Amino acid sequence: MSEADEGVQDTRGLQQATLFTTICPIIQSAESGWLERLQSISDPRQLVIEFVMATDAVQIDELIPILVSRQGPAPLAELPTRTKNCLLRAGVETWEQVRRLDLRTIGDFKHAGDKTLRAVIDWCLRHAEEIARSGTAALNPSPGVTDEKVGQQDDASGTSSPVGRAAPTPAPTAIDTLRRWLAITGPQQPTMKELLELLASDLELLPVEVTQAAVELLSQPLHVGEADDSPDTADPLAAARALIGDDRNWEVWKARNFFGADAQPTFADIGEEFDLTRERVRQLDRRVTETMAAAIEADQGFESIRWRAHRLGQQLGSGVPLASSLATLALSDQSEEHAVALWHAGPYVQRDGWLVRKGESPKSVVEAAIRDLPGPLIHKDELEGILGAAGVPVAALDNVISCTDAIRDIGQGCLVRWYGAIPDKVEVVLALLGRPATAEEILEHFLSDRSVTSVKNALAADDRFYRTNMTEWALAEWGLEEYSGIVEEIIERIERDGGTTDTAALVEELVGQFGVSENSVRSYLGTPAFVVEGTHVRQRRLEEFKLKPKPLRHTRGVFRPSPIRLVANFLVDRDLLRGSGQAIDIGLATQLGLGPGGRLIFTSSHQEVRFGWRPWSVTGPDVGSLAPAARAFGAHQGDLLIVDLDLDKEEAAFGLVDESLQGHERFEALTGLVEPPDMVAALAAAIGVEPAEVRASLRNRGDEELIGLLPRQPDAALETQLDRLADFLDEL
């Protein structure tokens, strides 16, 4: 690097350090090393962010006092969506509120963290840079360096200081008077913050000479340098064409990106116009886009476009309706410079009656703005404020509402948030009703495209809701008494009364409070879970669960082909195919070793088979859904689903018996007995009876079908007559 280049680099580093110490004066008191790094680092803003994160100062206006010149609503649309929403939820909407932000508490905002804190600091620094570069000189220049000398130093180095170049040109005596006034009445080293606050105060309350100095300063025009050497007056479009180097490439890029109020033309359309292939147009567009984007961001000659794009981005945000005045204004300027700025701000495209940033849609713009609403109900006036803070003008609010299903108008100026899964919408309906409601009633409110079953499933599976009686559901946040089912309510009252409670009083209380029937309560009291002793009821103790086992000889459709196997037949009906659980015979539970409170799980290639016995169940033991296996075999109503259980391995196998299966094959499928040498004897062992009792037992069990599949029973009288006939024939 030449000595001249090193001199330029040193000068730029000094200018960089001067700029950021003006923006963040507290850096001047930092430990050694920060200022040196600030002069040499390529991304000084990130270094300042690290410094701010590490400093003890806690309020934005202490760290970046220059922001006092920003007044009115803060452009929160410039922030990332999450950061913007964090500030909105905290009530931060104006620059005054931004300046009062405490860095220690930002992390306490909902969904906020270090990333949010860095985004806020970076955003404030960007605006501070804009203030410093737009014409505000340092109040405390280095000793012996006047405004005139600063300008001379810039000229000598061939560069323009971001502070000195754009410095205002008021009379030095006015600046000096105000500086001395501030030093006498305030801090000895006043900053830009104190000066701007002084100029914004009631000047009539100041001494005459101070007031005259302030008025003189405020009346000075902003100086932007001579037209001959100011980069602000350079032609950015000429610079752009020079960068691209080919007029046709420039025209192709314009055709693709300067479409104004019309729809964006396709690569094929442009190729036809310029006699180029679609792929060649795409390549040129990408190349020029990359060149233009880099130049606008880095080159000082493109400041006018960059700043205009910044303002357009603030005005249009993520998108606006085409019918709005902002969209009309943005599209009415037909100049090339404005078109480049609009492209750089977005680029913006037309979609569904909106002007939106590329990659966005009207729906995504609106939903992003309302995603973090604190509640489901919002007034139209509130929505206007939220959308406005998100950079979405709402002059045509009806257009905003109609472009998305995420908002519904319920009349009287009220809207409801309407997006997400069924539970989210159920929450909205209950919040609007303000009272418990049945699933059917919830379905009537906006959920007509769903089923009662889906609503009930959503209510049962989400801890935002609970039942207040047999049929009605409430929001958990309401704090109403929860109805947990008849059994749980019975247990709760037994425990409340010390382990036993009056049966009649219990029935009366549950019927009156939850609207359940007396028969339902008494049915549950009759289950194994409870013991009724005279006029009182208590819970059954664990050691009292002793049920008389039911033998296989009295258990229909259950067989034990071997000591470790059980075969059970289940009739395929509508409930089984629908997925409902099935009550099982106590005899099957006995063979499984399943008692009240017990649970067994068998695995298979089709599904898990779950057996259980809830002590309070009025139907006794049951098995979970068998529908997956039934569907796998193509079962129909009236068929028999065979479940073959291996008790050692806890595995299950399935089979299906339909009307096409007859004879020995049907017998083997129903009983699990494969090619027995003696069908009767094998079946007798499988149901626990003597061979002579098989037919009678099958009849008593209800398994008459198997009797017809057994070999015919011999007739003793007929055999005697046949023997006599054989003897007579032998004598002839």
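Up top is the structure.
Residues numbered from 1 in each chain as written. Predicted model: local features only at pLDDT ≥ 70, side-chain atom pairs only at ≥ 80, totals over all residues. Heavy atoms only, no water.

### Side note on the sheet that holds strand β19 (residues 640–646)
What counts, and what does not: Two strands qualify as a pair provided that DSSP identifies no fewer than 2 bridges between them. The helix and strand labels rest on DSSP assignments: H or I over at least four residues marks a helix, E over at least two residues marks a strand, and numbering proceeds from the N terminus. Throughout, an axis means a line fitted to C-alpha atoms (over the contacting stretch in the case of helices), and angles, computed between N-to-C directions, take values from 0 to 180 degrees.
Pairing within the open sheet is antiparallel, and its 4 strands lie in the order β13-β14-β19-β20. The sheet terminates laterally at β13 (558–562) and β20 (651–657), the two strands that pair on one side only. Each strand of the sheet is rotated relative to its neighbour by a mean of 25 degrees, with strand direction disregarded. Pairing of β13 with strand β14 (residues 565–571), which is carried by 3 bridges, proceeds in the antiparallel orientation. Counted as the bridge partner of Val558 is Ala568 from β14.

### Comments concerning helix α15 (residues 267–274)
Cut-off, in case you're wondering: The cut-offs for exposure are 20% and 50% of the maximum accessible area for each residue type, with area from a 1.4 Å probe on protein chains only; residues under the lower value are buried, those over the upper are exposed, and the others partly exposed. When we speak of the arc, we mean the arc of directions from the helix axis to the C-beta atoms. Any two residues whose heavy atoms approach within 4.5 Å at even a single point are treated as in contact.
Within α15 the residues assigned to the buried category are Phe267, Ile270, Gly271 and Phe274. Down the axis of α15, the buried side of the element spans an arc of 105 degrees, and every buried residue falls inside it. Turned more than 90 degrees away from the buried face of α15 sit Glu272 and Glu273, all of them exposed. Buried residues belonging to α15 abut α14 (247–257) and α16 (278–298). Asp275 sits one or two residues past α15 and shows a positive phi near 60 degrees.

### Structural notes on the pattern of salt bridges
Condition: The rule for a salt bridge is simple: a side-chain nitrogen of Lys or Arg has to be within 4 Å of a carboxyl oxygen of Asp or Glu.
Applying the stated criterion to the full structure yields 24 salt bridges. Salt-bridge contacts for Arg435 lead to Glu441; the nearest nitrogen and oxygen are separated by 2.4 Å. For Asp585, the salt bridge goes to Lys550, with nearest N and O atoms at 3.0 Å. With a gap of 35 residues between them, Asp585 in the loop between β15 (582–583) and α30 (586–592) and Lys550 in the loop between β12 (536–539) and β13 connect regions that are remote in the sequence. Connected through salt bridges with shared partners, the residues Glu489, Arg493, Arg496, Asp497 and Glu509 form a single ionic network.

### Concerning helix α27 (residues 503–514)
Inclusion rule: Helix span, expected: 1.5 Å multiplied by one less than the number of residues in the helix.
Spanning 12 residues, α27 covers 16 Å between terminal C-alpha atoms, matching the ideal 16 Å at 1.5 Å per step. Of all the positions in α27, only Thr503, Leu506, Val507, Leu510 and Phe514 are classed as buried. All buried residues of α27 lie within an arc of 95 degrees about the axis, which places them on one face of the element. Across α27 from its buried face, at more than 90 degrees, point the exposed residues Glu508 and Gly512. Buried positions along α27 lie against α26 (486–496), β10 (501–502), α28 (518–525), β11 (530–533) and β12.

### Considerations on unusual backbone geometry
Here the phi dihedral of Asp275 falls at roughly 60 degrees; this positive angle occurs in a residue that is not glycine. Considering the arrangement of structural elements, one finds Asp275 in the loop between α15 and α16. Here Asp275 falls in the exposed class, since its relative accessible area comes to 71%. Of note, Glu650 is a non-glycine position whose phi angle comes to about 55 degrees, a positive value. Here Glu650 lies in the loop between β19 and β20. A relative accessible area of 42% places Glu650 in the partly exposed class.

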